[in-house]
Amino acid sequence: MTQVAAIAAVLTLTLTLAGPAPAAAQANTGTAPAAAPQDLDPDLRPVPAEPDFTLGALPTTLRLAARKGVFHMTHRFTRPVNEGSFGDFMSDFFGLDSSSRVGLEVRYGLRPGTQAALHRTNDRTIQFSAQHEFLVQTVERPFTLHGLLTIEGRNNFGLSDEIALPDADVFSSAIGVVLSHRIGTRGAVYLQPIIVINSNVDPAFAAEPGHSALLGLAGRYRLSRAGRAYVFAEFVPRVAGFDQGVHHFSFGIEERIGQHVFQFNVSNSLGTTMAQLARGGPDNNDWFIGFNLTRKFY
């Protein structure tokens, strides 16, 4: 019975993300053709300045169409690029032979301007996030403003019994805003002040502050006016509170192909959730290669 319920849940989710079946074409009766979906809902149109809902790990202000879904994957190879000689790096097939930190995410448009996401990484961290648009960039207002809320739990959101962790060491949450300014159709810059509650869960740092204040700084730029290739960079310093490890920094190049965005990135940490970003990367100046993949289902 449990397997039947699980299969039914998967089918229900699939049908929900797929949306209603398209109506049959109208007969040629001389009536005006029906408007295209992107004409009825502007959120269905591609946005050249913001091709994706994230940069490397930070969110953007790209709106998700209501009742539509997105799949997103993050992948970070755990072998540092700067470990050993270049020959060692080649022997490890440029790091691809190493283990990896993988994140899988499903994002859904709850209503116009509001989206929610479920993100799980293979270290058993699960993050739920919600984002809502409060202000839109106009001629008079040079920025867009989104509110951001997240809650995440280690050890499969505290549901796994294999690893015994105190409740205080399991859950973290974040609240912040995402400010963006689009530069025409060429790209966007971002400012993201975020507070992470309970970012310090390592007993080795029990004497340190328990929370972190982050200030995300990021940008994305399209390489040509009519092209589909972009470069991006993001920097997430901890400006107050718990501050162990190096400040997260990531940069890379990406390509938008239809409903897909493929990204190659280099970063000094493996984090893709807010608490992971707050904990920073290793202090020994390691750098890791990785990639992101996003697929829109509309």
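Thresholds applied
- Residues numbered from 1 in each chain as written.
- Predicted model: local features only at pLDDT ≥ 70, side-chain atom pairs only at ≥ 80, totals over all residues.
- Heavy atoms only, no water.
- Helix = DSSP H or I, 4+ residues; strand = E, 2+ residues; numbered from the N terminus.
- Buried < 20%, exposed > 50% of the residue type's maximum accessible area, 1.4 Å probe, protein only.
- Areas by Shrake-Rupley, 256 points an atom, 1.4 Å probe, with all protein chains shown as cover.
- Salt bridge = Lys/Arg side-chain N within 4 Å of Asp/Glu carboxyl O.
- Core = buried A, V, L, I, M, F, W, Y, C linked by side-chain atoms within 4.5 Å.
- Contact = heavy atoms within 4.5 Å.
- Pairing = 2+ DSSP bridges.
- Phe/Tyr/Trp six-rings, centres within 6.5 Å; stacked < 30°, edge-to-face > 60°.
- Lys NZ or Arg CZ within 6 Å of the ring centre and 35° of its normal.

Visitor: Describe the overall build of the protein, listing the residues and the values that go with them.
Guide: A count of helical and extended segments in the protein gives 5 helices and 13 strands. Scored against the burial criterion, the 298 residues of the protein give a buried share of 43%. Accessible area for the protein stands at about 15200 Å²; split by element, carbon and sulfur atoms hold 66% of it.

Visitor: Talk me through the pattern of salt bridges; I want residue IDs and the actual numbers.
Guide: If you walk through the whole model with that rule in mind, you get 8 salt bridges. Between Arg 101 and Asp 123 there is a salt bridge, with the nearest N and O atoms lying 3.8 Å from each other. Of the two residues, Arg 101 is situated in strand β2 (residues 100–111) and Asp 123 in the loop between β3 (114–121) and β4 (125–135); the sequence distance between them amounts to 22 residues. One network of salt bridges, in which partners are shared, links Asp 43, Arg 63 and Glu 133.

Visitor: Report on the nonpolar core, specifying residues and quantitative values.
Guide: In summary, soluble globular proteins display a tendency toward joint burial of nonpolar side chains. If you look at the biggest cluster of nonpolar residues, it comprises 18 residues, and the most contacted ones within it are Leu 55, Leu 58, Tyr 190, Ile 194, Val 196, Leu 214 and Met 274. Mapped onto this core, the elements with two or more residues apiece are β6 (171–183), β7 (187–197), β8 (212–222), β9 (229–236) and α5 (274–279). Tyr 190 has contacts with Glu 50, Leu 55, Thr 60, Thr 61, Val 178, Leu 179, Ser 180, Gly 216, Leu 217, Ala 218, Gly 219 and Arg 220, leaving out every residue within four places of it along the chain. Formed by 6 residues, the second largest nonpolar core is a distinct cluster that contains Phe 53, Ala 65, Val 70 and Tyr 298.

Visitor: So, the environment of Ala 117: which residues are in play, and what are the values?
Guide: Relative to the elements of secondary structure, Ala 117 occurs in strand β3. Distance from Ala 117 to Val 70, taken between C-alpha atoms, is 9.0 Å for residues 47 residues apart in sequence. Setting aside chain neighbours within four positions, we find Ala 117 in contact with Glu 105, Val 106, Arg 107, Gln 127, Phe 128 and Ser 129.

Visitor: Explain the pairing of β3 to me, and be specific about the residues and the numbers.
Guide: Examined bridge by bridge, β2 and β3 share 8 bridges and lie antiparallel to one another. Within β3, the position partnered with Arg 111 by the bridge is Thr 114. Two elements, β3 and β4, share 8 bridges in a ladder whose sense is antiparallel. Residue pairing in the sheet places Ala 117 in a bridge with Ser 129 of β4. Connecting β3 to the antiparallel partner β4 that follows it, the hairpin turn spans 3 residues, and Arg 124 within it adopts a positive phi of roughly 75 degrees.

Visitor: I'd like a description of unusual backbone geometry, backed by residues and values.
Guide: The backbone of Asn 198 shows a phi angle near 65 degrees, a positive value even though the residue is not glycine. Note that Asn 198 resides in the loop between β7 and β8.

Visitor: An account of the packing of aromatic side chains is requested, with residue identities and associated values reported.
Guide: Applying the stated rule across the entire model yields 8 aromatic pairs. An angle of 70 degrees between the planes, with centres 6.3 Å apart, marks the rings of Phe 235 and Phe 249 as edge-to-face. Highlighted residues: Phe 235 in strand β9 and Phe 249 in strand β11 (residues 248–257), separated in sequence by 14 residues. With a relative accessible area of 31%, Phe 235 lands in the partly exposed category. Phe 249 gets classed as partly exposed once you look at its relative accessible area, which sits at 28%. Among the aromatic residues, those joined into a cluster by ring pairs are Phe 235, Phe 249, Phe 251 and Trp 287. A cation over a ring is seen here: Arg 295 above Phe 297, with NZ or CZ 5.2 Å from the ring centre.

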